[in-house]
Amino acid sequence: MRAGLWLAVAFAGIAGAALVLAAEFLAWVLVLVYVGAIVVLLLFATMLTKAPTDPSEDLDRARWPGAAVAGGVGLALAAAVTGAFGWSKADLDANGAGDAAAMGEAVFSEWVLPFEVLSLLLLAALVGAVAVSTRSR
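Only a predicted model underlies this, so the values are computations on that prediction, with no experimental measurement involved.

Draft legend 1. Structural view of helix α1 (residues 2-20). Here α1 spans 27 Å end to end across 19 residues, near enough to the 27 Å set by a 1.5 Å rise per residue. Within α1, the full set of buried residues consists of Gly 4, Ala 8, Phe 11, Ala 15 and Ala 18. Projection of α1 onto a plane perpendicular to its axis shows the buried side chains occupying an angular sector of 70 degrees, all on one side. Turned more than 90 degrees away from the buried face of α1 sit Ala 3, Trp 6 and Val 20, all of them exposed. The secondary structure elements touched by the buried residues of α1 are α2 (24-48).

Draft legend 2. Highlighting the packing of aromatic side chains. If you walk through the whole model with that rule in mind, you get one aromatic pair. The interplanar angle of 35 degrees and the centroid separation of 4.9 Å between the aromatic rings of Phe 11 and Tyr 34 together place this pair among those described as tilted. In this pair, Phe 11 is assigned in helix α1 and Tyr 34 in helix α2, connecting sequence segments 23 residues apart. Exposure remark for Phe 11: the relative accessible area of 17% places this residue in the buried category. Classification of Tyr 34 as partly exposed rests on a relative accessible area of 28%.

Criteria and cut-off values
- Residues numbered from 1 in each chain as written.
- Predicted model: local features only at pLDDT ≥ 70, side-chain atom pairs only at ≥ 80, totals over all residues.
- Heavy atoms only, no water.
- Helix = DSSP H or I, 4+ residues; strand = E, 2+ residues; numbered from the N terminus.
- Expected span 1.5 Å × (residues − 1).
- Buried < 20%, exposed > 50% of the residue type's maximum accessible area, 1.4 Å probe, protein only.
- Arc of directions from axis to C-beta.
- Contact = heavy atoms within 4.5 Å.
- Phe/Tyr/Trp six-rings, centres within 6.5 Å; stacked < 30°, edge-to-face > 60°.

By themselves, these observations are geometric and do not establish any function.
The structure is reproduced here in structure tokens:
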């Protein structure tokens, strides 16, 4: 359950990055589709499996090692990106950032197969969760 909720936070962060890149339409689509639908689908699938969701002492551990590793990786990534690109600015209007027509053209021409495969994968996960939850023991 926690992983699903943190996935919503990660998707919201990606939507924030899209806002920074002047792609407001993409940011709202990410919030509505991913945070509003996909994460809810995953949480319902998790709840349907009847898995134990209570806190468990053998699974709860100290969080500071993970936070230290995440902070170190974040600093290394920030150093690598600023070292490679510096503080140069990109001309976002020149390459059509945030243009809904260009984005739709790309999704339905280049990315249509991965889009459909992902939808089938999510459908299979939901059907599997329902099958596991209704199985008599």
